[in-house]
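Observations on the three-dimensional arrangement
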Amino acid sequence: MSAIELSVVIPCLNEERTIGVCVKKCLDVFHDHKIQGEVVVVDNGSTDRSAEIARQAKARVIAHDIRGYGAALMRGITEAKGNYLLMADADNTYDFYDIPKFVGLLKSGADLVMGSRLRGKISPKAMPWLHRWVGTPVLTAILNLFFGSKISDVNCGMRGFTRATITRLNLKCRGMEFASEMVVKAAQRRMNIKETPINYYPGLPGRTPNLHTFRDGWRHLRFMLMMGPKYLFMLPGALLFVFGLLFSGWLLLTERAMIFNIPLGLSTAIFANALALTGLQVVFFGVYAIIFNTSTGLQEEDSVSRWAKKYFNLEAWLLAGSVILFGGLISGAVTAGLLYQVSGHMSEISIPVTKLAIISIFLFLLGIQIVFSSFYLSLFNLNKTLE
Ligand SMILES: Nc1nc2c(ncn2[C@@H]2O[C@H](COP(=O)(O)OP(=O)(O)OP(=O)(O)O)[C@@H](O)[C@H]2O)c(=O)[nH]1
Ligand SMILES: [Mg+2]
């Protein structure tokens with residue numbers, strides 16, 4: 001067991017005006033609460049006196065060249081010696097006197113303790129209106145909905161966790177998606193996530209914010225969308241596919257299809273087929289995302305990735321796709337022949353021929369989609385082939 005109980009990791013990029021006081025507050029807390037602690041400042045290529053000031057304040061300073069909030073934090077976490085870890089920013093916007101609350105919850109068995117600015121006190125001007133009332137609550141609601149967590153401030157940068165937690169999470173993001181990655185993965189792994197209200201203060205006047213509201217909000221959202229492919233893409237895609245298929249089948253087989261007394265013509269069947277094809281494309285996208293995520297360590301192996309690795313067989317899928325594709329081509333040729341017979345006489349084009357045309361186009365597109373999607377899936381196994 002390490003003699004150091006708690007490591008406070010502070011990523012720092014040009015924060016010479018505040019880093020000193022942040023380190024001092026941590027050391028005061030260690031002293032007052034008898035915590036065996038260390039402060040690890042990761043200097044992320046600062047061009048000001050941040051590193052020197054942090055060192056003078058008695059922090060352990062680590063220089064890290066790779067830019068990015070996540071990269072800096074991960075380096076600090078790797079170098080830290082404590083069994084409990086706490087991360088917070090160097091701009092003195094979080095209150096380091098809140099540290100004991102985090103340690104208490106970790107000691108009582110939490111895997112991850114999230115600070116919550118929204119449940120605590122946010123000083124005036126500390127958080128732009130758009131972040132306070134739109135960005136953070138919306139991103140938090142999406143996270144809770146997609147991943148079943150129950151937190152109130154996904155973007156909070158003050159968090160505590162155990163060393164076992166961070167090892168298990170195997171975090172990969174170098175940018176500020178790191179913050180979302182940590183909560184998403186902890187929720188996916190059903191970890192014990194606790195929350196504690198904290199106070200949030202404004203940065204010093206004149207500080208250039210690193211955060212860009214729309215660009216960075218979108219980056220977090222994009223990341224969350226990519227992390228839940230099974231429920232976000234595969235399930236809705238499969239529902240769309242089945243619905244489109246059944247709807248179009250019903251329209252094609254029924255003489256005079258009606259819903260709520262509205263007669264539905266064959267053009268509706270074309271829309272229904274388009275829905276089915278869109279659904280299938282979304283299912284394939286979900287499978288790509290899962291395989292990509294598991295191969296890069298963003299996601300643990302799940303039933304889909306295991307199935308794909310074990311049973312996906314390019315040749316079988318190519319054969320199935322080709323059979324469907326040629327079925328479409330042949331019925332398309334028959335349709336063309338039938339149409340040729342009545343060429344020039346639009347009024348003689350019968351409903352069965354139109355139905356055949358719709359089915360041919362659908363089969364052709366379905367076959368094409370299966371063939372190319374299977375090829376694309378097989379690309380993920382290319383590394384194995386090249387070895
Ligand atoms: N954004 C960013 N922050 C870094 C980087 N390296 C270290 N940091 C530090 O990470 C912490 C968080 O950055 P902040 O700019 O405070 O991010 P924020 O709190 O989300 O946003 P604002 O305070 O509103 O700008 C600060 O202590 C930065 O100095 C980096 O490459 N990018
Ligand atoms: Mg900040």
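The structure this text deals with has already been given above.
In this report, we go over the structure that sits alongside the text. (Residues numbered from 1 in each chain as written. Chains lettered and ligands numbered in written order. Predicted model: local features only at pLDDT ≥ 70, side-chain atom pairs only at ≥ 80, totals over all residues. Heavy atoms only, no water.)

Things to note about the site of ligand 1
Put simply, the test is: Nearness is judged by heavy atoms alone; a residue qualifies as near a molecule or strand once a single heavy atom is within 4 Å of it. Whenever two N or O atoms come within 3.5 Å, that pair is a polar contact, provided that in protein one can donate a hydrogen and the other can accept it, and provided that, for residues adjacent in sequence, both atoms are side-chain atoms. Shrake-Rupley sampling with a 1.4 Å probe provides the accessible areas, and residues are treated as covered by the protein chains on show and by no other component. Each residue receives one of three labels: charged for Asp, Glu, Lys and Arg, nonpolar for Ala, Val, Leu, Ile, Met, Phe, Trp, Tyr, Cys and Pro, and polar for the others, Gly being one of them.
Around ligand 1 sit 15 residues in total, of which Glu 15, Asn 44, Gly 68, Ala 90 and Asn 210 are the nearest. Between ligand 1 and Arg 207 there is a distance of 3.0 Å, counted from an oxygen atom to a side-chain nitrogen or oxygen. Starting from 610 Å² of accessible surface for ligand 1 in isolation, the protein chains cover 83%. Looking at the shell around ligand 1, its residues break down into 7 nonpolar, 3 polar and 5 charged.

Structural notes on the pattern of salt bridges
Convention followed: We define a salt bridge as a contact between a side-chain nitrogen of Lys or Arg and a carboxyl oxygen of Asp or Glu at a distance within 4 Å. Relative accessibility thresholds used throughout: buried, under 20% of the residue-type maximum; exposed, over 50%; partly exposed, between the two (1.4 Å probe, protein chains only). Each helix is a run of DSSP H or I of at least 4 residues and each strand a run of E of at least 2, with the numbering of both proceeding from the N terminus.
Under the criterion given, the structure shown has 18 salt bridges. The residue Asp 216 makes a salt bridge to Arg 215 at a minimum N-O spacing of 3.0 Å. Owing to a relative accessible area of 3%, Asp 216 belongs among the buried residues under this scheme. Of the charged contacts in the structure, one is a salt bridge between Arg 219 and Asp 216, with a shortest N-O distance of 3.9 Å. Taken together, the residues span about one helical turn, with Arg 219 and Asp 216 both in helix H8 (residues 213-227) at a distance of 3 residues. Overlapping salt bridges, with partners in common, bring together Glu 177, Arg 215, Asp 216, Arg 219 and Arg 222 in one network.

Some points on unusual backbone geometry
If you check the backbone angles, Asn 14 has positive phi at about 50 degrees while not being a glycine. Residue position: Asn 14 is located in the loop between strand S1 (6-12) and helix H1 (19-32). A residue is classified by how much of its surface remains accessible, and Asn 14, at 33% relative accessible area, is partly exposed. Its identity as a non-glycine residue notwithstanding, Asn 92 has a phi of 60 degrees, on the positive side. Summarising the element assignment, Asn 92 is placed in the loop between strand S4 (84-87) and helix H4 (99-107). Relative accessible area serves as the criterion here: at 18%, Asn 92 is assigned to the buried category.

Observations concerning the environment of Leu 130
Basically, it comes down to this: We call two residues in contact when some of their heavy atoms are within 4.5 Å.
As for its position among the elements, Leu 130 is in helix H5 (residues 129-147). Judged by its relative accessible area of 31%, Leu 130 is partly exposed. A sequence separation of 16 residues divides Leu 130 from Met 114, and the C-alpha atoms of the two residues are 21 Å apart. The residues touching Leu 130, leaving out its near neighbours within four places in the chain, are Gly 135, Thr 213 and Phe 214.

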